[in-house]
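Tertiary structure, described
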Amino acid sequence: MLSSNDRVNRLIIGKIIGLIFGGLYFWLLGFFVSGFSIEFRWGLLLWFVLFGHIIASTINVKEYIEEAYKLDIHWSILCTIVGGALSLSLALMMQQAGQGKLHFLVSYASGHTLSSPYWFILDAICTALVMGIILNLYCKSSKS
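So, here's what we can say about the structure.

Calculation rules
- Residues numbered from 1 in each chain as written.
- Predicted model: local features only at pLDDT ≥ 70, side-chain atom pairs only at ≥ 80, totals over all residues.
- Heavy atoms only, no water.
- Phe/Tyr/Trp six-rings, centres within 6.5 Å; stacked < 30°, edge-to-face > 60°.
- Helix = DSSP H or I, 4+ residues; strand = E, 2+ residues; numbered from the N terminus.
- Buried < 20%, exposed > 50% of the residue type's maximum accessible area, 1.4 Å probe, protein only.
- Lys NZ or Arg CZ within 6 Å of the ring centre and 35° of its normal.
- Salt bridge = Lys/Arg side-chain N within 4 Å of Asp/Glu carboxyl O.
- Expected span 1.5 Å × (residues − 1).
- Polar contact = N/O pair within 3.5 Å; in protein donor to acceptor, adjacent residues only side chain to side chain.
- Contact = heavy atoms within 4.5 Å.
- Core = buried A, V, L, I, M, F, W, Y, C linked by side-chain atoms within 4.5 Å.

Moving on: the packing of aromatic side chains. A full pass over the atoms with the stated rule returns 5 aromatic pairs. Judged by centre distance (4.6 Å) and plane angle (35°), the rings of Y25 and F48 are tilted. Here F48 lies in helix 2 (residues 38-69) and Y25 lies in helix 1 (residues 4-32), a separation of 23 residues in the sequence. Classification of Y25 as buried rests on a relative accessible area of 4%. Considering the side-chain rings of F48 and F51, the 5.8 Å spacing of their centres and the 70° angle between planes classify their relative orientation as edge-to-face. Pair noted here: F48 and F51 are both in helix 2, with a separation of 3 residues, about one helical turn. Neither residue differs from the other here; F48 and F51 are each classed as buried. The structure contains a cluster of three or more aromatic residues connected by ring pairs, namely Y25, W47, F48 and F51. The cationic tip of R41 hangs over the ring face of F26; the distance from NZ or CZ to the ring centre is 4.4 Å.

Structural data, given as C-alpha cells:
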C-alpha cells in the first residue's frame, strides 16, 4: 500500500512527464507543421500537463480500487481508456474549430496520406501508455 506522499509524488511526476511531452509537441508543431497559432501550441502544452496529472490520478485510483474492492485491473487498460477519452474530446473540439491538422505526427510520418484528425487519439493513447510505464517504474522503485 502506498502512502499519501507516494501518491502525491506520483501526481507531481505525472505533471512533469506531461510537461516534457507537451514541450515536445510544442516544439514539433512549430518545426514540422505550419499554421498553428502560438496560443494553440501553449494550450496543447498545458493540456499535456493536465493529461499527465489525470493519468497519474488514474493509476492512483486503480490502486485504491485494488485495496478497497479487491478487483485487479491492469493499469494499461485504464490508461488506454482515459488517454483515448481525453484525446477524443480534444480531437472533436479541433474538428469543430477547423484545426483538423492535430494528427501531425502520423500525417508527417506517412507522407500526408493518413489525413484523419482522429489519429491524434492513437498518439495520445501511446503517450498515456508511456506515461503509465514511467509512473509504474517510479512507483516500484519508491516501494523498495
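After that view, the rundown keeps rolling.
Right, let's talk about the pattern of salt bridges for a bit. By the definition in use, this model includes 3 salt bridges. R10 is the partner of E63 in a salt bridge, and the nearest nitrogen-oxygen pair spans 3.2 Å. Here E63, found in helix 2, pairs with R10, found in helix 1; they are 53 residues apart in sequence, far enough to count as distant. Neither E63 nor R10 differs from the other in exposure class; each is buried.

This paragraph deals with helix 2. Taking 1.5 Å of rise per residue, 32 residues should cover 46 Å, and helix 2 covers 46 Å from first to last C-alpha, within 8% of that figure. K70, located one to two residues past helix 2, shows a positive phi value of around 60°.

Before going further, it helps to spend a moment on the side chain of K62. For K62, the location among the structural elements is in helix 2. A relative accessible area of 13% means that K62 is categorised as buried. At 2.8 Å, the side chain of K62 and the side chain of E66 are in polar contact. Contact partners of K62, with chain neighbours within four places excluded, come to I73, H74, W75 and L78.

Residues L44, W47, F48, F51, I55 and F120 are the most contacted members of the largest nonpolar core, which totals 23 residues. Within the residue set of this core, elements represented by two or more residues are helix 1, helix 2, helix 3 (75-97) and helix 5 (119-143). Residue contributions to this core peak at 8 residues, all from helix 2. For F48, the residues in contact, after removing those within four places along its chain, are G18, F21, G22, Y25, F120, T127 and M131.

Here the focus is the environment of L122. Position of L122 relative to the elements: it lies in helix 5. Overall, the relative accessible area of 41% leaves L122 in the partly exposed class. Taking the C-alpha atoms as reference points, L122 and S87, 35 residues apart in sequence, are found 8.5 Å from one another.

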